[in-house]
Amino acid sequence: PLSSPMPLHSLAKTPRTSSLATTPPAMPHPMALWCLSPAAQPCPMPMPPQTAAAGHPTLAPTAALPLPPPRTAAPKDGSLCPADPHPRLAPTGFGTYPGRKRGAVHPQTVSFPCPACQRDVDLGERGLGSLFRNLTLERVVERYRQTINISAAIMCQFCKPPQLEATKGCTECKSSFCNECFKLYHPWGTQKAQHEPTPPTLTFRPKGLMCPEHKEEVTHYCKTCQRLVCQLCRVRRTHTSHKITPVLSAYQALREKLTKSLAYILSSQDTVQTQIAELEETVKHTEVNGSQAKEEVSQLIQGLCAMLEEKRATLLQAIEECQQERLASLHGQIREHQAMLENSGMVGYAQEVLKETDHPCFVQAAKQLHNRILRATDSLQSFRPAANASFSHFQLDVSRELKLLTDLAFIRAPEAPVIDTQRTYTYDQIFLCWRLPQHSPPAWHYTVEFRKTDAKAKGLKLWQRREEVRGTCALVEYLDTDSVYVLRVKGYNKAGFGDYSEDIYLHTPPAPVLNFFLDNRWGFNRDRLAISKDQRAVRSVPGIPMLFAAERLMTSCHLSIDLVIGDVAITQGKSYWACCVDPSSYLVKVGVGLESKLQEWFQVPQDVVSPRYDPDSGHDSGAEDTTVEAPPPYAFLTIGMGKILLSHGSALTSRDPNGCTVPLPPRIGICLDYEQGKVSFYDAVSFRELWECGVDCSGPVCPAFCFIGGGALHLQELVANKQERKVTIGNFAKLD
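Residues numbered from 1 in each chain as written. Predicted model: local features only at pLDDT ≥ 70, side-chain atom pairs only at ≥ 80, totals over all residues. Heavy atoms only, no water.

The name given to the chain in an unreviewed UniProt entry is Tripartite motif containing 46, and the organism recorded there is Junco hyemalis. What the UniProt record of the chain gives under Subcellular location (unreviewed entry) is the line "Cytoplasm, Cytoskeleton". According to the UniProt record, the Sequence similarities (unreviewed entry) comment for the chain reads "Belongs to the TRIM/RBCC family." (UniProt positions renumbered as here; feature names shortened; annotations may be inferred.)

Here it is in structure tokens:
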């Protein structure tokens, strides 16, 4: 067994022989003879014959053999010569290596690159000595060597040049000998004489795989650590509660898996060839597209350079024109001042004119000359250069352009959108909203994909798509009721499609959505209830009558309930609708009732202490009245002060205030099954059922809502009727 790390430089060297002068091609790399397990645990890999730089093998430390002396006659006493011509190759024990003295401090950690993933793995203080030998790979390498070196002779590893052909091998010494050397190193009367000779070989392997820590044969396999263990390893604390099986069981299981996998690969050769052809075609396309991309980038950069050169010429031309204009003005001013010099033409001419005595001639000549003198005098008195020598207003600010050039990079595809769970909901359709991360590249449009999930179905259903969706919201229609849909979104721009968003699962209503409005034509109390213009919201404004009623409560006056119903009546099938109740409402009841009974209610208003409307009952269904076997004509869910009162079919008392309340969800869903005579109340966000009861469906049934004190609610708007508002910014329109 291998018990000490082997110098890495010796792995790449083979015994120097006349027949193995060159390394055969396609041999496994020596570093591949070691590997590590996935959990940074050593896994068995073989090790090539340990050879020294001079062609002499290093013996195993367990053999404790002295190195061979020079090839001389054996001493007469039969002992080995103590001379050691190769002190550098002295055998080393654990923790030693050539160039390091025994007893020196061993490094705390040893890193080794994994041949599979090339990651550095900490092998611990024992280094390579903690790894198993991969005897299987050693045998493969040996068979490979034999196939390419059939006629190659194995030379004695202890002969002085010229070496003789080896005739014997020793597993204990892990060396090959000729007859003379074998006798020399296995003298009679010593323990080495008991070594059994074997045929010569280049690789000496133990009979079985040995534990590198305890030097015992491995007998079990730890599934948890994915490591072979011996009997001592098995009882150690590190493998407590681990799944350990006999090596035979692991052998059979792994052999069966490997056989099946190999059979599948061998039976899929056509598929492999097809995929290879596809990959080769992809390689061609990659080369062509890469060259095309390079050409496009080169053309774009050349275009930028050409534009910069054109802009450069234009700017330089502007500077040149301004410079010539200024120079012309300055040169003219210089000429004017030069004319004022004493010996110049204008001054000399003026002096000559002053000598004229003929009055008419003097006036004729001096008139024009005097104007020139005046201009020269003004120029002299108010001297100022005709042009500014500064060109500061021709400076360029290229900081923005430099930043743009610095940031010039390839277009990135949009990042994965983030689903806006606050705005996304399901009703008659799915209203899906999303947004891009803050630093994501913009998207030109989006693709929305969705599919129905079915746990009973064997395979997954195909994704359905809505492509080129503009904006950051979409409507998904034509959905099945009482189903769960999974949705995802991805963006697209010039760089292609980005990553998908995280999947979001949405539950559709348990029945088709019923669209109705609040009835404002009859029945409700107009003094205390206010219905919106679109007839989808109602608010209770009790005002002064409520104050008067509260004043009379001490005299056992009954407080009235205000009722408003929907403008439709249900006579068949299943229907679902939802509403939002203001959390600050004092007391609101939502539910259904027989149309005839509700009309009677309007004629004779009920009060909160009526036997069928006991506020302690939790729900106004009459289900707690055991004397009535017929289903109640109406059923209501009681909501108040941000809570929902749930009776669970039993009457409540004032002594049990906390056992049957749940927080009020953002939306309440009501589902009426007319044929079954059953009404169910849901959390319309998660579609969790809150309560279910029976109701009399012998006639038309209407949605109904009751108020006691102040409160408000509004009906859920259909997604199909939700109008998209366009917000225009500059020349771009954004869908809200």
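## What to know about the overall build of the chain
Looking only at helices and strands, the chain features eleven helices and 34 strands. Looking at the chain alone, contacts between residues at least 24 apart form 63% of all its contacts between residues at least 6 apart. Accessible area for the chain stands at about 45,700 Å²; split by element, carbon and sulfur atoms hold 55% of it. (Helix = DSSP H or I, 4+ residues; strand = E, 2+ residues; numbered from the N terminus. Contact = heavy atoms within 4.5 Å. Areas by Shrake-Rupley, 256 points an atom, 1.4 Å probe, with all protein chains shown as cover.)

## A look at the sheet that holds strand E23 (residues 574–581)
The strand order across the open sheet formed by seven strands is E20-E21-E32-E23-E28-E29-E30, and the pairing between neighbours is antiparallel. Each having just a single partner strand, strand E20 (529–531) and strand E30 (688–694) make up the two edges of the open sheet. When strand polarity is set aside, the average angle formed by the axes of neighbouring strands in this sheet is 20°. (Pairing = 2+ DSSP bridges. Axes fitted to C-alpha atoms, helices over the stretch in contact; angles between N-to-C directions.)

## A word on helix H6 (residues 269–339)
Taking 1.5 Å per residue as the helical rise, H6 with its 71 residues ought to reach 105 Å, and the 104 Å between its terminal C-alpha atoms agrees with that figure. Cys322, Arg326, Gly332, Gln333 and Ala339 are the residues of H6 that are buried. (Expected span 1.5 Å × (residues − 1). Buried < 20%, exposed > 50% of the residue type's maximum accessible area, 1.4 Å probe, protein only.)

## Comments concerning helix H7 (residues 345–354)
Every buried residue belonging to H7 is among Met346, Ala350 and Val353, and all of these are buried. Taken end-on, H7 shows its buried residues confined to a sector of 60°, consistent with a single buried face. Residues of H7 that are buried sit in contact with H6 and helix H8 (359–381). (Arc of directions from axis to C-beta.)

## Topic: the confidence of the model for the chain
Predicted confidence across the chain gives a mean pLDDT of 75, with 71% of residues reaching 70 or more. A low-confidence stretch, residues 1–104 stays under pLDDT 50, and its non-local contacts, those more than four residues away or across chains, total 194 contacts. For residues 605–619, every residue scores under 50 in pLDDT, and the model assigns this stretch 40 contacts once sequence neighbours within four places are set aside. (pLDDT = per-residue confidence, 0-100.)

## Considering the pattern of salt bridges
Two side chains of opposite charge can pair, provided their charged atoms sit close to one another. With the rule as written, the count across this model stands at nine salt bridges. Of the charged contacts in the structure, one is a salt bridge between Lys403 and Asp407, with a shortest N-O distance of 2.8 Å. What makes Lys403 exposed here is its relative accessible area of 51%. The structure contains a network of salt bridges with shared partners spanning Glu449, Arg465 and Arg488. (Salt bridge = Lys/Arg side-chain N within 4 Å of Asp/Glu carboxyl O.)

## Here's the deal with the pairing of strand E32 (residues 711–715)
A regular strand places its side chains on the two faces of the sheet in alternate fashion. Taking burial as the measure, the five residues of E32 include four buried ones, the bulk of the element. For strand E21 (residues 537–540) and E32, the ladder comprises four bridges, and the chain directions are antiparallel. Residue Arg539 lies in a different strand from E32, and its bridge partner there is Ala712. Summarising the sheet, E23 and E32 pair through three bridges and their orientation is antiparallel.

## Quick look at the side chain of His445
Mapped onto the elements, His445 comes out in strand E14 (residues 445–453). In contact with His445, not counting residues within four places along its chain, are Glu468, Val469, Arg470, Lys490, Gly491 and Tyr492.

## Some words on the environment of Asp534
Structurally, Asp534 is set in the loop between E20 and E21. Reaching out from Asp534, the side chain makes a polar contact with the side chain of Ser532 at a distance of 2.5 Å. At a separation of 3.2 Å, a polar atom in the side chain of Asp534 contacts the main-chain amide nitrogen of Arg536. (Polar contact = N/O pair within 3.5 Å; in protein donor to acceptor, adjacent residues only side chain to side chain.)

## Notes on the nonpolar core
For soluble globular proteins, nonpolar side chains are generally found buried alongside one another. Within the largest apolar cluster, 51 residues are counted, with the highest numbers of intra-cluster contacts made by Tyr576, Trp577, Val590, Ile644, Ile668 and Phe705. Of all the elements, E23 adds the most residues to this core, at five residues. Leaving out residues up to four positions away in the same chain, Trp577 has contacts with Tyr427, Leu514, Phe516, Ile570, Gly591, Val592, Ile668, Gly669, Ile670, Leu672, Pro703 and Phe705. By size, the runner-up hydrophobic cluster in this structure holds 18 residues, among which are Ile430, Trp434, Ala443 and Val476. (Core = buried A, V, L, I, M, F, W, Y, C linked by side-chain atoms within 4.5 Å.)

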